[in-house]
Amino acid sequence: MSRYWSPLVEQLSPYVPGEQPGRETFIKLNTNELPWPPSPRVLEAVHGVGGGSLRLYPDPDNSRLREAWAKREGLLPEQVFLGNGSDEVLAHVFRALFDPRRPVLFPDITYSFFPVYCALHGLKYQTIPLAENFGIELGAYPAANGGVIFPNPNAPTGMALPRAEIEALLAANRESVVVVDEAYVDFGAETCLPLVNHYDNLLVVQTLSKSRGLAGLRVGAAFGQAPLIEGLRRVKNSFNSYPLGRLAETGAVAALEDEAWFLSSCARLTGNRTSLFEGLLSLDFQVLPSMANFLLARHPRHKGRALSAGLRERGILVRHFQLPRISDHLRISVGAQEHCHALLEGLGKILQEE
Ligand SMILES: *Cc1c(COP(=O)(O)O)cnc(C)c1O
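Values in this document were obtained by computation on a predicted structure and should not be read as measured data.

*Asks:* Help me understand the nonpolar core, please; the structure alone is not making it clear to me.
*Replies:* Core analysis: the biggest nonpolar cluster contains 47 residues, and L65, W69, F150, L202 and F223 have the highest contact counts within it. Ignoring sequence-local partners within four residues, the contact set of W69 consists of L82, Q206, L208, V219, G220, A221, F223 and L256. Of all hydrophobic cores here, the second largest spans 34 residues; its members include Y184, L276, L330 and L347.

Following this line, the structure appears as C-alpha cells:
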C-alpha cells in the first residue's frame, strides 16, 4: 500500500501465476508448459539473428510473422494481430472489443485472468455456471452482453466444445464479439479458425506457449476479420509500439515453419495424456475428459490441498485451485513419460499413507 497509488490500483486483485521455482529439480506439472524443448529450428533461427540488428527497433507490425502465421491458417496478414504472449493479446481484446455498458460473459470456472482484465479495464462481468458435468453450456449465455469469452478447450477443465456449438452462438449473438481462447486447441479440439471469414463477430486467440513449447518466447496472436484486428492495433499502438522483439519474431517464424516437429510433438503429448488418464483412473481418481495438455482430477477420499502438498514434498508440482466445485481437484500438466510415472508413483504412495 502506498498513498501514491491510483484509486484503480488499490482496487485490483492481480492474477496469480503458477509457481516458477528457482531450483530446477522439481518435476513441474503446474503451468501446462510442454515437457520437452521446442523445435531445434527455433534456436538455430534465433542464433542467426545478427547481433548488430539488435541495435535497431523491430518492425512494429511484425509483418514477417503475421504473413507466416496468416499463410499457415489460410488467412490474410490483416486478419492477424500479434502480442507479447496471448495474455497481452487478451488484455488488448478486453480494452478494444468489449462494451463497458453491458456485462462481459464467461464461465464460472475458467481462466482466472478474465475477471482481472475486467477490473483493469472497468468492465462489468457475469459468470455463467458450468453444467453438472463441467461442460460449457453456450445456450445459457444471455443475449444482452458486452462480449463473450471462453477458452476452448476450457481451462482448467480441459473439456472441449464442438465447433458447431460455437457457430450456433456466433449466429445468435450478433450484437457483441465472441472470443474463443484456443491456447490448448492443438491437443485435439476443433479450431474455430475456419469460421473467421464467415462471422465478423468472431475473434480466435492462440499462443506458441503451449503446443509449440515456447512459453519463454512470449508470442500470442488473435485472428479475426480485418476491422476487429484494426481495433486491436489501435489499442496496441496506444500502449506499446514494439511488443515483439526481433528474437521472438524470428523464433516464432521458425516454429511455425516446422510442421513435422509440431505434429510429432502433439502426438507424443496426447499419447502421454491417454496413459496418464488411465493411470489416474487405476488409482480411483475421477478425471474429466480432456482435450488439453493437462488433466483435472479428484480423488473421492482425499482432499485436493493435501494431495498437492504431498506431491510437493516429493518434488512434484501440480496446480490446486481453492475455488468452489474444484477445491478437491488437481490440475496436472501432462509431462514426459518419466514425469507421469513419477506422479502416479507419488500419488500411489500418498494414498497408501493417508
Ligand atoms: C496459458 C494460457 C494463456 C496464455 O498464454 P501466453 O503464454 O500468455 O500466450 C491464455 N489462455 C489460457 C486459457 C491459458 O491457459
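*Asks:* Teacher, can you tell me more about the packing of helix α4 (residues 85–97) against helix α7 (residues 226–236) here?
*Replies:* Each pair of packed helices can be summarised by the angle the axes make with each other and by the distance between the axes. Running from amino to carboxyl end, α4 crosses α7 at an angle of 105 degrees, the nearest separation of the two axes being 9 Å. When the axes of α4 and α7 are compared, the pair comes out roughly perpendicular. Between α4, through H92, V93, R95, A96 and L97, and α7, the contact on the second element is made entirely by L228, G231, L232, V235 and K236. Tallied by class, residues from the contact of α4 with α7 come to six nonpolar, two polar and two charged.

*Asks:* Before we go on, may I ask you to explain the packing of aromatic side chains in this structure?
*Replies:* Here the distance between the centres and the angle between the planes together describe a pair of aromatic rings. Applying the stated criterion to the full structure yields 13 aromatic pairs. Ring geometry for F94 and Y117: centres 5.2 Å apart, planes at 45 degrees, overall tilted. Placement of the pair is F94 in helix α4 and Y117 in helix α5 (residues 113–121), with a sequence separation of 23 residues. Like F94, the residue Y117 is buried in the burial classification. Taking the centre distance of 5.1 Å and the plane angle of 25 degrees together, the rings of F106 and Y125 count as stacked. Linking F106 in strand β3 (residues 104–107) with Y125 in strand β4 (residues 125–128), this pair joins segments that are 19 residues apart in sequence. Given the relative accessible area of 42%, Y125 is considered partly exposed. Against the face of W36 rests R268, its NZ or CZ located 3.7 Å from the ring centre.

*Asks:* Just checking my understanding: could you explain the site of the ligand for this structure?
*Replies:* Around the ligand, the neighbouring residues are G85, S86, D87, Y111, D181, A183, Y184, T207, S209, K210 and R218. The side chain of Y184 places a nitrogen or oxygen atom 2.5 Å from an oxygen atom of the ligand. Here K210 contributes a side-chain N or O atom positioned 3.2 Å from an oxygen atom of the ligand. Notes on the ligand: free accessible area 390 Å², of which the protein chains cover 92%. Judged by the fraction of its atoms near the pocket grid, the ligand is located in the largest pocket. Of the residues contributing to the shell around the ligand, the split by class is three nonpolar, four polar and four charged.

*Asks:* Would you mind showing me how to read the environment of W261 here?
*Replies:* Summarising the element assignment, W261 is placed in helix α9 (residues 259–282). Residues W261 and R41 lie 220 residues apart in sequence; the distance between their C-alpha atoms is 9.4 Å. Not counting chain neighbours up to four residues away, the residues in contact with W261 comprise L34, W36, P37, P38, S39, P40, S211 and R212.

*Asks:* Where do I start with empty space enclosed by the protein in this structure?
*Replies:* Gaps left between atoms are located by rolling a probe of water-molecule size over the structure's atoms. This structure, assessed with the given rule, holds two cavities of 30 Å³ or more. A volume near 90 Å³ is recorded for the largest cavity. Taken together, P60, D61, N62, R66, V80, F81, L82, R233, K236, N237 and P243 form the lining of the largest cavity. With three residues, the top contributor of residues to the lining of the largest cavity is strand β2 (residues 80–83). Within the lining of the largest cavity, the residues separate by chemical class into five nonpolar, two polar and four charged. The computed volume of the second largest cavity comes to approximately 70 Å³. Broken down by element, the lining of the second largest cavity gets its largest block of residues, three residues, from helix α3 (residues 63–73). Partitioning the lining of the second largest cavity into residue classes produces four nonpolar, two polar and four charged.

*Asks:* Can you help me understand a nonpolar patch on the surface in this one?
*Replies:* A contiguous nonpolar patch, built from M1, W5 and V9 and spanning about 350 Å² of accessible area, is present on the exposed surface. Looking at the element boundaries, W5 is found in the segment before α1 (7–11). Judged by its relative accessible area of 39%, W5 is partly exposed.

*Asks:* Got a minute to help me understand unusual backbone geometry in this structure?
*Replies:* Trans is the common state for peptide bonds, and a negative phi is the common state for residues other than glycine. Residues N152 and P153 are joined by a peptide bond in cis, for which omega reads -5 degrees. Residue P156 is bonded to the preceding A155 through a cis peptide linkage, with omega at 5 degrees. Looking at the secondary structure, you find P156 in the loop between β5 (147–151) and α6 (163–172). At N32, a position not held by glycine, the phi torsion is positive, near 60 degrees. Tracing the chain through its elements places N32 in the loop between β1 (27–29) and α2 (40–47). With a phi close to 45 degrees, N62 is a non-glycine residue in the positive phi region. Topologically, N62 is positioned in the loop between α2 and α3.

*Asks:* Any chance you could explain the side chain of S265 here in plain terms?
*Replies:* Note on placement: S265 falls in helix α9. The buried category is assigned to S265, whose relative accessible area is 4%. With near-sequence residues (within four places) excluded, S265 lies in contact with L34, W36 and S211.

Reading the values: rules and limits
- Residues numbered from 1 in each chain as written.
- Predicted model: local features only at pLDDT ≥ 70, side-chain atom pairs only at ≥ 80, totals over all residues.
- Heavy atoms only, no water.
- Core = buried A, V, L, I, M, F, W, Y, C linked by side-chain atoms within 4.5 Å.
- Buried < 20%, exposed > 50% of the residue type's maximum accessible area, 1.4 Å probe, protein only.
- Contact = heavy atoms within 4.5 Å.
- Axes fitted to C-alpha atoms, helices over the stretch in contact; angles between N-to-C directions.
- Helix = DSSP H or I, 4+ residues; strand = E, 2+ residues; numbered from the N terminus.
- Parallel < 35°, antiparallel > 145°, perpendicular 65-115°, else oblique.
- Nonpolar A, V, L, I, M, F, W, Y, C, P; charged D, E, K, R; others polar.
- Phe/Tyr/Trp six-rings, centres within 6.5 Å; stacked < 30°, edge-to-face > 60°.
- Lys NZ or Arg CZ within 6 Å of the ring centre and 35° of its normal.
- Near = heavy atom within 4 Å.
- Polar contact = N/O pair within 3.5 Å; in protein donor to acceptor, adjacent residues only side chain to side chain.
- Areas by Shrake-Rupley, 256 points an atom, 1.4 Å probe, with all protein chains shown as cover.
- 1 Å grid on protein atoms, 1.4 Å probe; cavity = no way out; pocket = protein on both sides within 12 Å on 5 of 7 lines; lining within 4 Å.
- Sits in = over half its atoms within 2 Å of the grid points.
- Points joined across faces, edges and corners; volume = space filled by probe spheres on them.
- Patch = residues over 30% accessible without salt bridge, like charges linked within 9 Å, V, L, I, M, F, W, Y side chains within 5 Å.
- Salt bridge = Lys/Arg side-chain N within 4 Å of Asp/Glu carboxyl O.

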